[in-house]
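Spelled out, the chains give:
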Amino acid sequence: TGGGGGAGGPWTQNCATSKGDGRSGGSGGGGGAWCNSASGGAGTTNQGNAGGGVTWTGSGNGHVAGGGGGYSAVGGNGLGSGPSYIGGDGGAGGSWDWTGSSKSFAGGGGGACYYDPAGDGGLGGGGGGSSYTDTDGSGGVGYNDGADASGFDGGDGGANSGGGGGGFCNWANDGGAGGSGIVIIRYQE
């Protein structure tokens, strides 16, 4: 079993007092947001990995967020340099085979990006991040696929996949909901 994933970092007007760090979570940490030194939240050992932070080398702050952590991999950093911004992809989830074919679960949600492309959801049903002016992120493939971002809202995580929701890019909109989980019971005859 695993706890819920951490929330993504909040938007902030003052990076000196609040950097927009992601929150810690069991099955993956949330991505950092906005400020050039924001960090992703930690995951819990054997349940999930840390979310991505923000790597911003231009002046000002990045208008960008890292991706959420997945079961198998950390979330990608939100990147910025001068006028270019890229939201971080969600970290990959884990794959299990109990029906004769491998299925992926627990991917991180994609990070939002205000100006340029947002991050994609991680393998394992992560929802895509949204972009205000450019390309929305796609949902990650999973037991049930995560949803693409739409209309400035982040995409939902895949149902019964435990994927994280994608980030949102506009204060009037919403991040995607995390996907419901699933319980698998194996026994020998």
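Residues numbered from 1 in each chain as written. Predicted model: local features only at pLDDT ≥ 70, side-chain atom pairs only at ≥ 80, totals over all residues. Heavy atoms only, no water.

Go over the environment of Tyr114, please, and point to the residues and values.
Checked against the element boundaries, Tyr114 lands in the segment after strand 5 (102-105). The exposure class of Tyr114 is partly exposed, given its relative accessible area of 26%. C-alpha separation for the pair Tyr114 and Ser130, spaced 16 residues apart in sequence, amounts to 8.1 Å. Among residues more than four places away in sequence, those in contact with Tyr114 are His63, Ser131, Tyr132, Thr133 and Cys169. (Helix = DSSP H or I, 4+ residues; strand = E, 2+ residues; numbered from the N terminus. Buried < 20%, exposed > 50% of the residue type's maximum accessible area, 1.4 Å probe, protein only. Contact = heavy atoms within 4.5 Å.)

Just give me the short version of the sheet that holds strand 2 (residues 78-81), but keep the residues and values in it.
A sheet is described by the order of its strands in space; here three strands give the open sequence 1-2-3, paired in mixed fashion. Each edge of the open sheet carries a strand with a single partner, namely strand 1 (54-56) and strand 3 (84-86). Within the sheet, the average angular offset between the axes of one strand and its neighbour, ignoring direction, is 5 degrees. Bridge count for strand 2 against strand 3 is three bridges, and the pairing is antiparallel. The residue bridging Ser81 from the neighbouring strand is Ser84, located in strand 3. (Pairing = 2+ DSSP bridges. Axes fitted to C-alpha atoms, helices over the stretch in contact; angles between N-to-C directions.)

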